[in-house]
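Letter by letter, the chains look like this.
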Amino acid sequence: MYNHERTIKSISNTSITMPICNIHLWDSFYKYLNTRELSGTLARLNQWYPSSSAGDAIPRIVIPAYNTAKSIFWQARAMVEAEKRYQSPHGTRNDSLIVVSPYGGTPRFSLICEGPMDALAGAMLGARSIALMGNTPPESVLDLTRTLVRGTLPLIVLADNDDPGSLSLILGHVSQVASSMLLLPPAGYKDLAACPISLRKALF
């Protein structure tokens, strides 16, 4: 859970809507992802899209979340420098997490990571990726994660280099239901999405 999500949210999930797509921002959407060596095409296949109404007027990439209640929840990543890199709706998160599927075919492996951009980077390498939206997710998110990865082989938990301990604790939760291992990004890079694509490929 990110710091801005720790505040109490009093608005019902029934009032949450998806931000409006700004069609004039598609070029910015692809440019932002391409500069990070991330696939705009794969992001779009996973229903990511650009908006300037995701909690503020800043151009952001909206990333739909998955949950058992099939209710609306999302994260939105700023495409420019912003005080809040990520926005999320003012409502209850429940067990929402981000699932990013690879291009067609059977996934090579499953990946658990902190952020959506890391999940996209993993999906580009053939993973069915789960982003926990932070390194201290609520128990309900861990429960859903265990359900999604149960029986998965192989399963990789990828921690960020700036706080490997938090996600390493999650390894203990998922190792009960799937054969799993912990990885860190190459030294000098905070997370998977920060790495050049050549190093991502080498890591896996």
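Everything below is about the structure printed above this text.
About the thresholds
- Residues numbered from 1 in each chain as written.
- Predicted model: local features only at pLDDT ≥ 70, side-chain atom pairs only at ≥ 80, totals over all residues.
- Heavy atoms only, no water.
- Salt bridge = Lys/Arg side-chain N within 4 Å of Asp/Glu carboxyl O.
- Helix = DSSP H or I, 4+ residues; strand = E, 2+ residues; numbered from the N terminus.
- Buried < 20%, exposed > 50% of the residue type's maximum accessible area, 1.4 Å probe, protein only.
- Axes fitted to C-alpha atoms, helices over the stretch in contact; angles between N-to-C directions.
- Parallel < 35°, antiparallel > 145°, perpendicular 65-115°, else oblique.
- Left-handed = near helix turned anticlockwise from the far one by under 90°.
- Contact = heavy atoms within 4.5 Å.
- Nonpolar A, V, L, I, M, F, W, Y, C, P; charged D, E, K, R; others polar.

A. Quick look at the pattern of salt bridges. Scanning the entire structure with this criterion turns up 5 salt bridges. Note that aspartate 143 is salt-bridged to arginine 146, the shortest N-O span being 2.2 Å. In this pair, aspartate 143 and arginine 146 both sit in helix α4 (residues 139-149), 3 residues apart, roughly one turn of the helix. For aspartate 143, a relative accessible area of 36% gives the class partly exposed. The closest approach of N and O atoms between aspartate 160 and lysine 190, which form a salt bridge, is 2.9 Å.

B. Fine view of the packing of α4 against helix α5 (residues 164-174). Running from N to C, α4 and α5 cross one another at 55°; their axes reach a closest spacing of 10 Å. Taken together, the axes of α4 and α5 are oblique relative to one another. Between α4 and α5 lies a crossing whose hand is right-handed. In this structure, α4 contributes Glu139, Leu142, Thr145, Arg146 and Val149 to the contact, and α5 contributes Ile170, His173 and Val174. Of the residues that constitute the contact of α4 with α5, the class distribution is 4 nonpolar, 2 polar and 2 charged.

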